[in-house]
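Architecture and fold: a report
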Amino acid sequence: MINIESLIRDLDLIRKQSPLIHNITNYVVMNNTANALLAIGASPVMAHSVDEVAEMTNIASSLVINIGTLEALWVEAMLIAGKTALNKSTPIVFDPVGAGATSYRSKVCKQLIEECKTSIIRGNASEIIALSDTQAQTKGVDSTKACNTKAIVVISGETDYITDGITVETVKNGNPMMEKVTGMGCTATAIVATFAAVNKNLLEAATHGMSVMGICGEVAAAYSQGNGSLQVNFLDTLFNINEEVIRKNIRL
Amino acid sequence: MINIESLIRDLDLIRKQSPLIHNITNYVVMNNTANALLAIGASPVMAHSVDEVAEMTNIASSLVINIGTLEALWVEAMLIAGKTALNKSTPIVFDPVGAGATSYRSKVCKQLIEECKTSIIRGNASEIIALSDTQAQTKGVDSTKACNTKAIVVISGETDYITDGITVETVKNGNPMMEKVTGMGCTATAIVATFAAVNKNLLEAATHGMSVMGICGEVAAAYSQGNGSLQVNFLDTLFNINEEVIRKNIRL
Amino acid sequence: MINIESLIRDLDLIRKQSPLIHNITNYVVMNNTANALLAIGASPVMAHSVDEVAEMTNIASSLVINIGTLEALWVEAMLIAGKTALNKSTPIVFDPVGAGATSYRSKVCKQLIEECKTSIIRGNASEIIALSDTQAQTKGVDSTKACNTKAIVVISGETDYITDGITVETVKNGNPMMEKVTGMGCTATAIVATFAAVNKNLLEAATHGMSVMGICGEVAAAYSQGNGSLQVNFLDTLFNINEEVIRKNIRL
């Protein structure tokens, strides 16, 4: 059950602290991810060079690892950044874009989850199932368990499910048109990372992030004519989100 | 001559099948290309790593190769993906961005066309002429022939020309403001690839793709104040295009 | 003091000549930078391969070097392009994104400024200070002097300061919401490069570029609801800027 007071407190903290979110993400979504982070009040930085990721992660409040357009040198940087974050107990939010589509993606997902002990994993159902399958195939664990991980797992869909393996939270806000905007899931990952930067209860942080995504998507879709205007209107809605908008629109 | 019934049938097929379009394209346009593919009803994937392109192309219905921001490792991936598509008879739509601007681009274009036997080549007049010149210089072929290729050639402009070397189709829809939106040509290439995924007659598929581009650009430009809003409105128009809009706006 | 007649003359020249601006810039902003250059009437090209940058810079009227998402191979290309521009006396406009955030960035900035003798450097106050500090630490020069460089220095902020080390020009147009649109500073760098392509007085060119940025941002912000619509409206305003809009809105 979403605690509205706690969600609003987190949102206020984000706007007061403007946490630095270090993103190693894909080319397709970088612009929108950065704008979404600016809209909510965070400070985005995109940096992927092996020559600087450790230093950048060291000054960040959260790390986003997104494998959308992965390649070898980037994976190397993701591992360096991820281990740096792990050492500093900085939250790592992992987006396994396209997990299961190629064996390379599956291998990289497994490696990142195991070596960096990612704190939160956000994907759609097929991606999360692919992660479980990978683990199941390679380790013989129970494949009904979402990955052999202690991470909070977020499954995006018509209803979002957020779980620590024991408690399951749900987010019912959203609109089907959001799936037609490229990178909306990647934005969700970055927004979750922003809440994780101000709330150590990661199950709560992830739920808050997904809730803000759902509310903004739903409010923006109501006055959008297609995925072009929804991409723009979503940012405007996120830019202006406040207690009043949350209370009026949240579905519990 | 555009066959409206056939165009509408293709559009319906795209929306029913949601074909997977594998794009190895440039950084500048990735977001808009992905959104345009989602708008029309296709499933975009962007993947360029030599470690996974073959596997990705194998599950795709069309392959887009666009050299806008090329570099050596990407060209290697383009060749692997292109040869994979060739083996599976998957259509390859090639966008020779900036052909002729540097000798490196000319060399890469020649190699991709020859080794991957690209199915459709879409560019503006100067790019297509540059391809012909390259072939002419290096092989002594008739430079009036657009490249030494069996590909369908699409020349974008005020009127678009689409030819298999024998028949020439024309598309008269469009608006000059489209040239002021970066990557509008790259979007056209991806939309053509989407029609090629559902229609084996590639001359027809390319003509249908260019026709939808022209109609959407023209309709969207009518209510756009500049290239910023045109980029957004174009996606919205593509998202909503249907038989009625096509019949009302098509110029034959 | 901005000379309005000279600014309008430059804008006319840009639209008549449509100068080719070669950008080696970061992934986050490429789309918006290209659209902004098209909006004002320039011809953008993004190319970063070591196999072609020299040739591309050779045909360009200005070179933009922006280190936002730098990595080793890109820095190599920046140095090749920069030295090519230096040899041809082509203006180089340098954007030291995130200077000071990591030691790698500081090192790269120093190298680019020294080896390419960048003509204009544009950043926010903290980036320009970081450049001075780097120079101060490594060379013992007076750290109050903005970098050990003969470049025109542009410091973006509520008021923009543009200086050749002797004269200081100011630009007072702008709106705080511009900071919430990712890459607005990178766009400013590219627009400054466009003015530098048509006006050899680089102090004037930089001042004109920043003035146009400020006016467009201010005009667009007045009818924008958030950073999403501001990104779009900014491009539309730039697309339509003319003598009348400049005279009506410029703050001297």
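Keep in mind the model is a prediction, meaning the values are calculated, not measured.

Looking at the relation of the copies chain A and chain C
Overlay of chain A on chain C (RMSD 0.0 Å): rotation 120°, translation along the axis 0.0 Å. On the angle and the small slide along the axis, the relation comes out as a three-fold axis. Scanning chain A for the C-alpha nearest the rotation axis identifies A:Y27, at a separation of 3.7 Å. Of all interface residues in chain A, a mere 9% are interface residues in chain C too; the two copies therefore contact each other through different surfaces.

A look at the side chain of A:N199
All names here are of chain A. One can find N199 in the loop between α7 (184–196) and α8 (202–221). With relative accessibility at 6%, the residue N199 sits in the buried group. Within the structure, the side chain of N199 is placed 2.9 Å from the side chain of D10, a separation counted as a polar contact. Side chain to side chain, N199 and E204 meet in a polar contact 3.1 Å long.

What to know about α8(A)
Residue and element names in this part refer to chain A. For α8, built from 20 residues, the straight-helix expectation of 28 Å at 1.5 Å per residue is met to within 8% by its first-to-last C-alpha distance of 28 Å. Along α8, 17 of the 20 residues are buried, which leaves the element largely enclosed by surrounding structure. Its side-chain oxygen placed 3.3 Å from the backbone nitrogen of L203, N201 serves as the N-cap of α8.

Here's the deal with the packing of aromatic side chains
Residue and element names in this part refer to chain B. Taken as a whole and assessed by the stated rule, the structure comprises nine aromatic pairs over all chains. Aromatic pair Y27 and W74: ring centres 5.3 Å apart, planes at 75°, arrangement edge-to-face. Taken together, the residues span a long stretch of sequence, with Y27 in the loop between β1 (20–24) and α2 (30–40) and W74 in helix α4 (residues 72–88) at a distance of 47 residues. Side by side, Y27 and W74 carry an identical accessibility label, which is buried.

Examining the pairing of strand β2 (residues 43–46) of chain C
All names here are of chain C. Inspection of the sheet shows strand β1 (residues 20–24) paired to β2 by four bridges, in the parallel sense. Counterpart to I21 in the pairing with β2 is P44. Remark: the β1/helix α2 (residues 30–40)/β2 crossover connection has right-handed handedness.

Brief notes about the sheet that holds strand β7 (residues 160–163) of chain A
Residue and element names in this part refer to chain A. If you trace the eight strands from one edge of the open sheet to the other, you get β2-β1-β3-β4-β5-β6-β7-β8, paired in mixed fashion. At either end of the open sheet lies a strand with only one pairing partner, and these are β2 (43–46) and β8 (168–171). With direction set aside, neighbouring strand axes in the sheet form an average angle of 20°. Bridge analysis of strand β4 (residues 92–95) against strand β5 (residues 120–124) gives two bridges, and the strand direction is parallel. Counterpart to V93 in the pairing with β5 is I120. With respect to the sheet, helix α2 (residues 30–40) is in contact with β1 (20–24) and β2, its orientation differing from that of β2 by roughly 155°.

Examining unusual backbone geometry
Despite not being glycine, A:K117 shows a phi value in the positive range, around 45°. On the secondary structure map, A:K117 appears in the loop between α5 (103–116) and β5. Residue A:K117 is classed as exposed on the basis of its relative accessible area of 55%. Positive phi, normally seen in glycine, also occurs at B:S18, with a value near 45°. Position of B:S18 among the secondary structure elements: in the loop between α1 (4–17) and β1. Given a relative accessible area of 28%, B:S18 falls into the partly exposed group.

Considering the environment of C:D160
Residues and elements named next belong to chain C. Counting through the fold element by element, D160 comes out in strand β7 (residues 160–163). Considered as a pair, D160 and D10 are 150 residues apart in the sequence and their alpha carbons are 19 Å apart. In contact with D160, other than residues within four places in its own chain, are I155, E169, T170, V171 and M210.

Here's the deal with the packing of helix α8 (residues 202–221) of chain B against helix α9 (residues 227–240) of chain B
Residue and element names in this part refer to chain B. Look at α8 against α9: their axes get within 8 Å of each other, and the N-to-C directions meet at 125°. Taken together, the axis directions place α8 and α9 in an arrangement best described as oblique. Two packed elements cross with a definite hand, and for α8 against α9 that hand is right-handed. Facing α8, whose interface residues are V212, M213, C216, G217, V219, A220 and A221, α9 presents L230, N233, F234, T237 and L238.

The rules behind these values
Here, residues in each chain are numbered from 1, in the same order as that chain's written sequence. Labels are handed out in written order, letters beginning with A for the chains and numbers beginning with 1 for the ligands. With the structure being a predicted model, the display of local features is reserved for residues of pLDDT at least 70 and the display and counting of side-chain atom pairs for 80 or more, all residues being used for whole-chain, interface and lining totals. Water and hydrogen atoms play no part in the side-chain values, which are based on all heavy atoms of the structure. The copies were overlaid by least squares, fitting only the C-alpha atoms of residues that reach a pLDDT of 70 or more in each copy. For this analysis, residues touch if any pair of their heavy atoms sits within 4.5 Å. Put simply, DSSP marks the helices as runs of H or I at least four residues long and the strands as runs of E at least two long, and each gets a number from the N terminus on. Note on exposure labels: buried denotes an accessible area under 20% of the residue type's maximum, exposed denotes more than 50%, and partly exposed covers the range between, all computed with a 1.4 Å probe on protein chains only. Whenever two N or O atoms come within 3.5 Å, that pair is a polar contact, provided that in protein one can donate a hydrogen and the other can accept it, and provided that, for residues adjacent in sequence, both atoms are side-chain atoms. How far a helix is expected to stretch is found by multiplying one less than its residue total by 1.5 Å. The rule is short: rings of Phe, Tyr and Trp, with Trp giving its six-membered ring, pair when the centres are within 6.5 Å, and they are stacked under 30 degrees, edge-to-face over 60, tilted in between. Following DSSP output, two strands are said to pair if at least two bridges run between them. Viewed with both strands pointing away, a crossover whose connecting path from the first strand over the helix to the second turns clockwise is right-handed. Note on definitions: angles span 0 to 180 degrees between N-to-C directions of axes, and those axes are lines fitted to C-alpha atoms, for helices only across the stretch in contact. In these notes the angle categories are as follows: under 35 degrees is roughly parallel, over 145 is roughly antiparallel, 65 to 115 is roughly perpendicular, and the rest is oblique. Handedness of a crossing follows from how the near helix is turned relative to the far one, being left-handed for an anticlockwise turn of less than a right angle and right-handed for a clockwise one.

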